[in-house]
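Listed below, chain by chain, are the residues.
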Amino acid sequence: MPSANEIAQYFTAHAASRGDSLDERTLQALLYTAQGFSLLMFKQPLFDDPINVSDAGPVIALSDIGGEGAQEPDDSETREFLSGIYERHGPGHRARRRTVRLGSARRECPAERRTDRS
């Protein structure tokens, strides 16, 4: 089972590879979301690190993100799951929802066009 640090390292590296910026609050939200979906879908936690409550939302204690000793999860299924979480809940996810892929062309979602005209 990966640690919260390893999951955070994956999200940080994935964001960098896409040219996205990932602040601490967004990283914490991604960790919390990933843990919740893991519990819902697989009936087991993604990581064992405790989730604490603060006024700003859920907080998972992290250390050495992006440092020399930081490692990403080595399981391909875990990386695929985390990639899906990032795509649906990471930075820019609202903008990505505005378009749909139809073959090789990207087109505006019809529901969005109606909203923009009102």
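Refer to the structure presented above.
Quick notes on the rules
- Residues numbered from 1 in each chain as written.
- Predicted model: local features only at pLDDT ≥ 70, side-chain atom pairs only at ≥ 80, totals over all residues.
- Heavy atoms only, no water.
- Axes fitted to C-alpha atoms, helices over the stretch in contact; angles between N-to-C directions.
- Helix = DSSP H or I, 4+ residues; strand = E, 2+ residues; numbered from the N terminus.
- Parallel < 35°, antiparallel > 145°, perpendicular 65-115°, else oblique.
- Left-handed = near helix turned anticlockwise from the far one by under 90°.
- Contact = heavy atoms within 4.5 Å.
- Nonpolar A, V, L, I, M, F, W, Y, C, P; charged D, E, K, R; others polar.
- 1 Å grid on protein atoms, 1.4 Å probe; cavity = no way out; pocket = protein on both sides within 12 Å on 5 of 7 lines; lining within 4 Å.
- Points joined across faces, edges and corners; volume = space filled by probe spheres on them.
- Buried < 20%, exposed > 50% of the residue type's maximum accessible area, 1.4 Å probe, protein only.
- Polar contact = N/O pair within 3.5 Å; in protein donor to acceptor, adjacent residues only side chain to side chain.
- Patch = residues over 30% accessible without salt bridge, like charges linked within 9 Å, V, L, I, M, F, W, Y side chains within 5 Å.
- Areas by Shrake-Rupley, 256 points an atom, 1.4 Å probe, with all protein chains shown as cover.
- Salt bridge = Lys/Arg side-chain N within 4 Å of Asp/Glu carboxyl O.

**Q** How should the packing of helix H1 (residues 4-18) against helix H2 (residues 24-42) be read in this particular structure?
**A** If you want to describe how two helices pack, look at the angle between their axes and the distance between the axes. Between H1 and H2, whose axes approach to 10 Å, the crossing angle comes to 120°. When the interaxial angle is binned, H1 and H2 end up oblique. In the packing of H1 onto H2, the handedness of the crossing is right-handed. Where H1 abuts H2, its residues Ala-4, Ile-7, Ala-8, Phe-11 and Thr-12 lie against Leu-27, Leu-30, Leu-31 and Ala-34. Residue composition of the contact of H1 with H2, grouped by class: eight nonpolar, one polar and no charged.

**Q** Sorry if this is basic, but what is going on with the layout of surface pockets here?
**A** Over the atoms, a rolled probe matching the size of one water molecule traces out where space is still vacant. Estimated volume of the largest pocket: approximately 270 Å³. Taken together, Met-1, Pro-2, Ser-38, Phe-42, Gln-44, Pro-45, Leu-46, Asp-75, Glu-77, Thr-78, Glu-80 and Phe-81 make up the lining of the largest pocket. Looking at the lining of the largest pocket, the elements that each hand over two or more residues are H2 and helix H3 (76-89). In terms of residues, the lining of the largest pocket owes the most to one element, H3, which gives four residues.

**Q** Please explain the side chain of Gln-35 as it appears in this structure.
**A** You can see Gln-35 is positioned in helix H2. Assessed through its relative accessible area of 7%, Gln-35 is described here as buried. Here the side chain of Gln-35 touches Phe-47 through a polar contact of 2.9 Å, landing on its backbone oxygen.

**Q** Whenever I open this one, a nonpolar patch on the surface confuses me. Can you help?
**A** Together, Leu-40, Met-41 and Phe-42 make up a nonpolar patch on the protein surface, roughly 330 Å² of accessible area in all. Considering the arrangement of structural elements, one finds Phe-42 in helix H2.

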